[in-house]
Amino acid sequence: MRAIGVIPKKREVCLFDSHPHPVIRSDFEVKVKALEIGICGTDREICTFVYGSPPVGQDYLVIGHESLGEVVEVGAEVSGLKPGDLVVPSVRRPCADPFCQSCQADLQDFCFSNDFRERGIKGIHGFMTEFYVDHSKYLNTVPWSLRDCAVLVEPLTVAEKALAQVWKTQARLPWIKKNAPAHQPGKGLNAVVLGAGPIGILGAMALVARGFRTFVYSRSRKPNMKAELVESFGATYISSETETPEQLAAHVGNVDLIYEALGVSSVSFDVMRILGMNGVYVFTGIPAPKPAIPVMGDELMRNFVLKNQAIIGSVNADRAAFENAIKDLAIFKKCWPQALSQVITGRHTLEDYRKLLTTEEKSGIKNVIVLS
Ligand code: BGC
Ligand code: ZN
């Protein structure tokens, strides 16, 4: 079977011809035919060999974790899934430590032991291949009406998990959801999104859908394609080349939430100082290690304390985040069909892998490989 992966020891990115065809080995497993797979920064980083590890005892790792597939076979004990169903798998798999309470509770996104595995990233092969097998509990059913955009479910779970963490944190402000309509809990609140890549744009859509006044702060000056896209679904695009963080803050008012989806620590810490009263800052980016940067430590620390701020990190994702992502995609598709379709800027064949994964400049927003 064909698969895309890396051989870290040889620093090679390859198209393998003879990755073994997977077979169902337990009654709870499901075999899935891969339809589409998204390419993200993590994949590109694995292809620079700073991240990513093959399964124990193997020298290569099949990459890919943003999958959309179709069920082709189910084990005897699988209920709720049948051949022909569309599915999106989650990425993290629990560690084996019986004392890891998070993994024992199916919340491996909070794994304590750090021995979790991630399909296509850490210790298990991923989905950039023709077929894969997984336990049914890691597969999330997607309606066929979302066939054209469901490859965005996994990246959207980054925002869904982060927002769930934000609401849990803000439960410390008992009035916060009370004055807003139930479907728009963010009504009356201001959010700043850092970055206009897929995680930023999908996060901005989720924020607008929840009623937040949403500002996307990104580098390129207007006019540009991402600014137009962002403004077409009701967020405001502001270029960091034309407005400083202070000017941005003056524009926004109290910054109740900063959702970081940039992965650049210098900018992310620089913008932290505009976080408002009782605000939450949530990090989702995972930068590769680089030399230390200066931060305005005293000012930030004063703000954290005097403004009751919370700074949290969030890695995806539990089942609830996948379910919410699937629900939200249906809402995005209904409200902003064109904007949603513009998030996928390119569909490519497997043979295009090298250009997509290893060239310096990434182009467009979300690039997708079509497998069948
Ligand atoms: C994936 C996550 C994963 C993270 C860190 C992201 O690109 O979407 O599922 O936890 O990388 O490996
Ligand atoms: Zn990803």
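Please read all numbers here as calculations on a predicted model, not as lab measurements.

J.: Would you mind going over the coordination of the zinc ion (ligand 2) with me for this structure?
T.: Each pair of donors in an ideal four-coordinate tetrahedral metal site encloses 109.5 degrees, whereas pairs in an ideal six-coordinate octahedral site enclose 90 or 180 degrees. Protein coordination at the zinc ion (ligand 2): the donors are C40 (SG), H65 (NE2) and E66 (OE), at 2.1 to 2.6 Å from the metal. Because the angles between the 4 donor atoms bound to the zinc ion (ligand 2) fall within 83 to 168 degrees, the donor set is best described as irregular.

J.: Teacher, can you tell me more about the layout of surface pockets here?
T.: Empty space among the atoms becomes apparent when a probe as large as a water molecule is rolled across them. The space that makes up the second largest pocket amounts to roughly 590 Å³. Lining of the second largest pocket is provided by 24 residues; of these, P22, R119, I124, H125 and V133 occupy positions nearest its centre. For the lining of the second largest pocket, the leading source of residues is strand β10 (residues 131-135), giving 5 residues. A breakdown of the residues in the lining of the second largest pocket according to their chemical character gives 11 nonpolar, 7 polar and 6 charged.

J.: Would you mind going over the domain arrangement of the protein with me for this structure?
T.: Note on interface size: it is often stated as the accessible area lost on association of the parts. Domain parsing of the protein yields domain 1 (3-142 + 343-370) and domain 2 (155-313). Of note, the centres of domain 1 and domain 2, computed from C-alpha atoms alone, are 29 Å apart. Tallying the contact residues gives 9 residues for domain 1 and 12 residues for domain 2. Summed over both sides, the interface of domain 1 with domain 2 buries roughly 890 Å², with 73% coming from carbon and sulfur. When the buried area of domain 1 at its contact with domain 2 is split by residue, E45, V343 and I365 rank highest and sum to 52% of it. Our count for the domain 1 to domain 2 interface comes out at 1 salt bridge. A salt bridge links K161 to D109, with the nearest nitrogen and oxygen atoms 2.9 Å apart. Applying the counting rule to domain 1 against domain 2 returns 1 residue pair in polar contact (both at pLDDT 80 or more). Residue classes in the side of domain 1 that touches domain 2 are distributed as 3 nonpolar, 2 polar and 4 charged.

J.: Help me understand the site of ligand 1, please; the structure alone is not making it clear to me.
T.: Contacts to ligand 1 come from C40, T42, Y51, H65, V91, E118, I121, E154, I286, V315 and N316. Within the side chain of Y51, one N or O atom sits 2.9 Å away from an oxygen atom of ligand 1. One nitrogen or oxygen atom from the side chain of H65 is found 3.3 Å from an oxygen atom belonging to ligand 1. For ligand 1, the protein covers 92% of the area, taking 310 Å² as the surface of the free molecule. Each residue belonging to the shell around ligand 1 can be placed in one class, and the counts come to 6 nonpolar, 3 polar and 2 charged.

J.: Mind showing me how you'd approach the sheet that holds strand β2 (residues 12-16) here?
T.: Sheet strands associate in pairs through backbone hydrogen bonding, adopting either a parallel or an antiparallel arrangement. With respect to topology, 3 strands assemble into an open sheet ordered β2-β1-β4, the strand pairing being antiparallel. Unpaired on one side and paired on the other, β2 and β4 (61-62) mark the two borders of the sheet. Taken together, the 5 bridges between strand β1 (residues 3-7) and β2 define a ladder with antiparallel strand orientation. Within β2, the residue paired with A3 across the bridge is F16.

J.: What is the right way to look at a nonpolar patch on the surface in this model?
T.: Residues V50, Y51 and I286 make up a contiguous nonpolar surface patch of about 270 Å² in total accessible area. Among the structural elements, V50 can be located in the loop between α1 (41-46) and β4. Residue V50 is classed as exposed on the basis of its relative accessible area, which comes to 53%.

J.: Please explain the sheet that holds strand β7 (residues 92-93) as it appears in this structure.
T.: The 3 strands lie next to each other as β7-β8-β9, forming an open sheet whose pairing is mixed. A single partner strand is all that each edge strand has here, and the edge strands are β7 and β9 (123-124). Judged from the 2 bridges that link them, β7 and strand β8 (residues 117-119) form a sheet pairing that is antiparallel. In the strand pairing of β8, R92 is matched with E118.

Quick notes on the rules
- Residues numbered from 1 in each chain as written.
- Chains lettered and ligands numbered in written order.
- Predicted model: local features only at pLDDT ≥ 70, side-chain atom pairs only at ≥ 80, totals over all residues.
- Heavy atoms only, no water.
- Donors = N, O, S within 2.8 Å, 3.2 Å for Na, K, Ca; no water.
- Tetrahedral: all angles 85-135°; square planar, octahedral: opposite > 155°, others 65-115°.
- 1 Å grid on protein atoms, 1.4 Å probe; cavity = no way out; pocket = protein on both sides within 12 Å on 5 of 7 lines; lining within 4 Å.
- Points joined across faces, edges and corners; volume = space filled by probe spheres on them.
- Helix = DSSP H or I, 4+ residues; strand = E, 2+ residues; numbered from the N terminus.
- Nonpolar A, V, L, I, M, F, W, Y, C, P; charged D, E, K, R; others polar.
- Domains from an automatic or database assignment.
- Contact = heavy atoms within 4.5 Å.
- Buried area = accessible area lost by both parts, 1.4 Å probe.
- Salt bridge = Lys/Arg side-chain N within 4 Å of Asp/Glu carboxyl O.
- Polar contact = N/O pair within 3.5 Å; in protein donor to acceptor, adjacent residues only side chain to side chain.
- Near = heavy atom within 4 Å.
- Areas by Shrake-Rupley, 256 points an atom, 1.4 Å probe, with all protein chains shown as cover.
- Pairing = 2+ DSSP bridges.
- Patch = residues over 30% accessible without salt bridge, like charges linked within 9 Å, V, L, I, M, F, W, Y side chains within 5 Å.
- Buried < 20%, exposed > 50% of the residue type's maximum accessible area, 1.4 Å probe, protein only.

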